[in-house]
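# Fold and contact review
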Amino acid sequence: MNGRTVSDFLTKIVLVLKQKFRRAVVTQHSAITATQPQPNQTPTIVAPKSNTPALPIEVIGVIIDALGDERDMNALKACCLTCRAFVHLSRKHLFSTLDINTTFPYRTWNFGQLLSISDPGVLDCILKFEFQITRCELEYPSLPTFLLRITKLESLFLSALNDETKDWSKLHKALQEALLHLMHLPTLTHFRLRWFKNFPVSAIVSCNNLISLNVGDVVLVEMDHLPTRSKPHMIQEYTMERLASSATHALLDTKLANGNPGFDFTMLKKLDATCEGPHDVSAILRFLEVAKNIAVFKLFAPAHVGLQFEHLARMTAPCARTLKILDLRAKCAAEPSESILSLCKELEEMSNRNVVEIIRLQIHLQPRLECLTGDAWGMLDVVLNNPGWSRLRHVSLDINLYPKTFEVLKKGLDALPETQLAGLAGSNSIDFKFTSRYAYYI
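Parameters at a glance
Residues numbered from 1 in each chain as written. Predicted model: local features only at pLDDT ≥ 70, side-chain atom pairs only at ≥ 80, totals over all residues. Heavy atoms only, no water. Salt bridge = Lys/Arg side-chain N within 4 Å of Asp/Glu carboxyl O. Helix = DSSP H or I, 4+ residues; strand = E, 2+ residues; numbered from the N terminus. Buried < 20%, exposed > 50% of the residue type's maximum accessible area, 1.4 Å probe, protein only. Pairing = 2+ DSSP bridges. Axes fitted to C-alpha atoms, helices over the stretch in contact; angles between N-to-C directions. Contact = heavy atoms within 4.5 Å. pLDDT = per-residue confidence, 0-100. Disulfide = S-S within 2.5 Å. Polar contact = N/O pair within 3.5 Å; in protein donor to acceptor, adjacent residues only side chain to side chain.

Bringing the pattern of salt bridges into the picture now. A full pass over the atoms with the stated rule returns 10 salt bridges. A salt bridge links Glu241 to Arg194; the nearest nitrogen and oxygen atoms lie 3.1 Å apart. Here the residue Glu241 occupies a position in the loop between β7 (237–240) and α12 (245–253), and Arg194 occupies one in strand β4 (residues 190–200), the gap between them amounting to 47 residues. The two residues Glu241 and Arg194 agree in class, both being buried.

Right, here's the structure in full:
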């Protein structure tokens, strides 16, 4: 058998074993639970015949890892309660993600209680942490102590919900130090920051091994001290969410003590940006003048901007030789046909100087019956069938409609592959996918 056949064979074996393992572990878990007692009768525990797994522990580890990849929490919990041999194998998946990201009033207290009664090894299992800071955290003095015990974090998402917590400079010093401890762990590679003001850019620069950075609605302040690191962060993925243009400029302007930039975006592979106006256009254009080697560019235009990607060709020009995936999302509330024609103009300008292989268009429409099934879509068909898109292999068009009352319009849209997009639909070189559906959000 060749390598691919062996891989497929092993995958099938794991799937079969996983199904049998699910049933076996639930049966064994049930066997060690208390039987239902009769009135005035002491409950009894029925122990399993053997505490030794029937399969080699290495095989069980592979199966439990597969359950973890599927996030099958019920199966993982059953494994964790079955026998000691399964505890560590399943617990590393059960506690790999910690999400304190709700407004539930006792969430932080519950988190503290869990850690106070659990084996200390639970904290070593936490690899991803999403933490939305609220008033509750300001009233829980033990929280920083627990956070300081997390040492193997790989991904961190910090956000603030209340006015009392959005200003970084006003947070308790102990909480600041605990959060900085998480940010500066050598294992941390992914960092996301949202809804903060007066956040020191030096705190981000002082991270050790960042490769992915995401900022949104953040006001960064200048560094009070220059970090001692000598080399910039080689960022591979950057996300500019809403209200992040000023933060993007601040990151581009950051310098180390030796004069080197704090962040090196020249080897960036993926940029995900939200464009709401001229300030965002300016930040994206400046960013792409530096990040000339991106392979994936995702651009989102909200409703009040529409689908007027009037600077798309200019944005992508610096990375024309490397850009392979173009992902465009928009909420279109104005003149849909004009917006689509505007996009076609930008795509036409990009032709003959690109190596794009995949284009994904996701459009959320506030429909006007007279213009959404017309010739504008036909222009998109003509542009993308142009020889200037010689590398193009996949195009997907996903149209989201709101509200649900436009039954006649949806029927017209469903017919677009035959009426206006026949070239893409019948292409032998382009895999074309079209969907239209009802959706309230994009």
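Let's pick the thread back up.
Further remarks concern the sheet that holds strand β1 (residues 97–100). Consider a sheet: its strands pair through backbone hydrogen bonds, and that pairing is either parallel or antiparallel. Within the open sheet, the 12 strands sit side by side as β1-β2-β3-β4-β5-β7-β9-β10-β11-β12-β13-β14. Their pairing is parallel. For this open sheet the edge positions go to β1 and β14 (431–438), each flanked by a neighbour on one side alone. Going across the sheet, the axis of each strand differs from the next one's by a mean of 10°, ignoring polarity. Bridge analysis of strand β3 (residues 155–160) against β4 gives 5 bridges, and the strand direction is parallel. Bridging across to β4, Leu158 finds its partner in Leu193. Packed on one face of the sheet, α12 meets β5 (212–221) and β7 and runs near 105° to β5.

Scored by pLDDT, the protein comes out at a mean of 82, with 77% of its residues at no less than 70. Mean pLDDT across the elements of the protein ranges from a minimum in helix α1 (residues 3–31), with 52, to a maximum in β7, with 98. Contacts for the low-pLDDT stretch residues 31–50, under 50 throughout, to residues beyond four places or in other chains number 20 contacts.

Of note in the backbone geometry, Trp195 takes a positive phi value of approximately 65° without being a glycine. One can find Trp195 in strand β4. Note on Trp195: relative accessible area 28%, which makes it partly exposed. The backbone of Asn198 shows a phi angle near 55°, a positive value even though the residue is not glycine. On the secondary structure map, Asn198 appears in strand β4. Of the residues examined, Asn198 reaches a relative accessible area of 31% and is grouped as partly exposed.

A separate point is the state of the cysteines. By definition, a disulfide links two cysteine residues through a covalent bond between their sulfur atoms. Applying the stated rule across the entire model yields 0 disulfides. Note on Cys80: no disulfide assigned, nearest cysteine sulfur contributed by Cys79 at a separation of 8.4 Å.

The next point concerns the side chain of Ser90. Mapped onto the secondary structure, Ser90 falls in helix α4 (residues 84–94). Classification of Ser90 as buried rests on a relative accessible area of 0%. A polar contact of 2.7 Å, which involves the side chain of Ser90, links it to the backbone oxygen of Phe86. Non-local contacts of Ser90, meaning those with residues more than four positions away in its chain, are made with Ile64, Leu76, Cys79 and Cys80.

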